[in-house]
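Listed below are the residues making up each chain.
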Amino acid sequence: MIPTHYYLFLGTALFTIGVIGVLTRRNVIVILMSIELILNAVNINLVAFSRYFQSVDGQVFAIFVITDAAAEAAVGLGLIIALFRNKETVNADEIDLLKW
Amino acid sequence: MLAQIAFFFLSTVALVSAVMVITRRNAVHSIIWLIVTLFSVGGVFLTLHAEFLFAVQVILYVGGIMVLFLFVVMLVNLDVSLKQAQFRRHWWVALVTAVALMAELAYGIYRGGEGFALAHAAAMPLGGGNTQAVGLVLYQDYLLAVEIASLLLLVAMVGAVIMAKRKIE
């Protein structure tokens with residue numbers, strides 16, 4: 001059997017890649033995709049612990065996380081379309097009206 | 001042995017394609033690589049005997065959310081941003097910080113990892129398969145949470161329509 005902490009290492013690595021994507025990319029769509037990567041890392045952890053504790057509660061929470069991801073993608077992409085219509089850009093560092 | 005080969009293969013594919021997601025210049029390529037990542041994460045769910053979540057991952061994530069992403073990328077004109085710099089100016093600060101974070105987390109898991117060896121090799125204790133077990137827990141113990149999640153989806157749907165509408169009167 002594969003030890004549970006291997007799954008935790010995989011989740012950590014995926015989470016870090018997602019964080020790097022959120023912090024370094026300028027394209028808003030790629031930032032949203034990096035958030036999906038982070039949510040998937042969380043799901044791996046939840047399912048690994050659900051297996052570890054022999055209970056399906058973790059999988060149920062993973063389903064709720066996927067629900068959140070769907071809602072976040074819908075609203076986020078709607079925001080991107082509205083932003084692009086108004087500012088003609090998808091770069092996160094040019095959308096700084098609320099800054100200072 | 002076969003399970004370990006499958007796990008290492010799937011996690012390698014997931015990590016490599018995740019790196020491709022955040023480094024590609026073209027957003028459409030990023031989406032294709034993200035689909036590869038999501039499929040391999042679904043495979044990792046299969047190695048954990050979470051068959052229902054694998055199906056949800058493929059149908060909802062790959063079939064639903066990624067198609068939504070593709071639609072938006074096609075709607076938004078990305079030709080201008082293709083020629084611009086893809087990373088922020090101080091990207092190396094973020095890189096160093098994130099790698100330090102990963103090192104801390106990995107060190108913590110490494111120190112505590114001995115206690116995480118899988119307790120039993122047996123399958124899920126409930127009979128009738130994974131889907132039945134998940135469904136029973138979902139609709140008995142977490143009924144209120146399901147209702148709240150459905151309300152959240154409704155609000156998100158209305159919000160997406162309002163956001164993407166051409167003009168708000």
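Nothing here was measured: the structure is a model prediction, and the numbers come from that model.

Calculation criteria
- Residues numbered from 1 in each chain as written.
- Chains lettered and ligands numbered in written order.
- Predicted model: local features only at pLDDT ≥ 70, side-chain atom pairs only at ≥ 80, totals over all residues.
- Helix = DSSP H or I, 4+ residues; strand = E, 2+ residues; numbered from the N terminus.
- Buried ≥ 20, exposed ≤ 12 C-beta atoms within 10 Å, placed from the backbone.
- Contact = placed C-beta atoms within 7 Å.
- Expected span 1.5 Å × (residues − 1).
- Nonpolar A, V, L, I, M, F, W, Y, C, P; charged D, E, K, R; others polar.
- Axes fitted to C-alpha atoms, helices over the stretch in contact; angles between N-to-C directions.
- Parallel < 35°, antiparallel > 145°, perpendicular 65-115°, else oblique.
- Domains from an automatic or database assignment.
- Core = buried A, V, L, I, M, F, W, Y, C linked by C-beta atoms within 7 Å.
- pLDDT = per-residue confidence, 0-100.

1. Points about the overall build of chain A
Stage number 1. Along the backbone of chain A there are three helices and zero strands.
Stage number 2. Across chain A, helices and strands are ordered from the amino to the carboxyl terminus as α-α-α.
Stage number 3. Taking the principal axes of its C-alpha atoms as reference, chain A extends roughly 50 × 25 × 20 Å.
Stage number 4. A buried classification covers 59% of the 100 residues belonging to chain A.

2. As for the overall build of chain B
Stage number 1. Across its full length, chain B holds seven helices and zero strands.
Stage number 2. In chain B, the order of α-helices and β-strands from amino to carboxyl end is α-α-α-α-α-α-α.
Stage number 3. Put simply, chain B has 169 residues, and 24% of those count as buried.
Stage number 4. A separation of at least 24 residues holds for 54% of the contacts in chain B among residues at least 6 apart in sequence.

3. A short note on helix α5 (residues 91-112) of chain B
Stage number 1. For α5(B), spanning 22 residues, the distance from its first C-alpha to its last is 32 Å, which sits close to the expected 32 Å at 1.5 Å a residue.
Stage number 2. The buried count for α5(B) comes to one of 22 residues, which makes it a mostly uncovered element.

4. A word on the environment of B:Leu75
Stage number 1. Note that B:Leu75 resides in helix α3 (residues 51-75).
Stage number 2. When the C-alpha positions of B:Leu75 and B:His29 are compared, they lie 16 Å apart, and in sequence the two are 46 residues distant.

5. So, the interface of chain B and chain A
Stage number 1. In this assembly, 77 residues from chain B lie in contact with 60 residues from chain A.
Stage number 2. Where the side of chain B that touches chain A is concerned, the elements lending two or more residues are α1 (2-23), α2 (27-47), α3, α5, α6 (129-140) and α7 (143-164) of chain B.
Stage number 3. When residues in the side of chain B that touches chain A are grouped by element, the largest group, twelve residues, is from α3(B).
Stage number 4. Grouping the amino acids of the side of chain B that touches chain A by side-chain chemistry returns 63 nonpolar, 13 polar and one charged.

6. Side note on unusual backbone geometry
Stage number 1. At A:Glu88, a position not held by glycine, the phi torsion is positive, near 60 degrees.
Stage number 2. Note on placement: A:Glu88 falls in the segment after α3 (57-87).
Stage number 3. Look at A:Glu88 and you get exposed, because 11 C-beta atoms sit within 10 Å.
Stage number 4. Even without glycine at this site, B:His49 takes up a positive phi of about 60 degrees.
Stage number 5. Tracing the backbone through its elements, the reader meets B:His49 in the loop between α2 and α3.

7. Some points on the packing of helix α1 (residues 4-24) of chain A against α1(B)
Stage number 1. Across the interface, α1(A) lies against α1(B) with an axial gap of 9 Å and an inter-helix angle of 5 degrees. When the interaxial angle is binned, α1(A) and α1(B) end up roughly parallel. In this structure, α1(A) contributes A:Tyr6, A:Leu10, A:Ala13, A:Leu14, A:Ile17, A:Ile20 and A:Gly21 to the contact, and α1(B) contributes B:Phe7, B:Ser11, B:Ala14, B:Leu15, B:Ala18, B:Val19, B:Val21 and B:Ile22.
Stage number 2. Here the residues of the contact of α1(A) with α1(B) are counted per class, giving 13 nonpolar, two polar and no charged.

8. Digging into α1(A)
Stage number 1. Compared with the 30 Å implied by 1.5 Å per residue over 21 residues, the 31 Å span of α1(A) between its first and last C-alpha is a close match.
Stage number 2. The buried fraction of α1(A) is high, at 18 of 21 residues.

9. Digging into the domain arrangement of chain B
Stage number 1. Under the domain assignment, chain B is made up of domain 1 (1-84) and domain 2 (128-169).
Stage number 2. Each of domain 1 of chain B and domain 2 of chain B has a C-alpha centre, and these two points are 22 Å apart.

10. Here we look at the nonpolar core
Stage number 1. Counting residues in each nonpolar core, the largest one holds 67 residues, and the members touching the most others are A:Leu14, A:Ile29, A:Met33, A:Ile44, A:Val47 and B:Phe69.
Stage number 2. Residues from two domains meet in this core; each of domain 1 (1-84) and domain 2 (128-169) of chain B gives at least three.
Stage number 3. Other than its neighbours up to four places away in sequence, A:Val47 contacts A:Gly58, A:Gln59, A:Ala62, B:Phe45, B:Leu48, B:Ala50 and B:Leu53.

11. As for the environment of A:Gln59
Stage number 1. Here A:Gln59 shows up in helix α3.
Stage number 2. Sequence separation between A:Gln59 and A:Phe49 is ten residues, and the spatial gap between their C-alpha atoms is 9.1 Å.
Stage number 3. When residues no more than four places from it in sequence are discounted, the contact partners of A:Gln59 are A:Val47, A:Ser50, B:Ala50, B:Phe52, B:Leu53 and B:Val134.

12. Re the confidence of the model for chain B
Stage number 1. The pLDDT averaged across chain B works out to 86; a share of 90% of its residues lies at or above 70.
Stage number 2. Scored as a complex, the prediction yields pTM 0.89 and ipTM 0.92.

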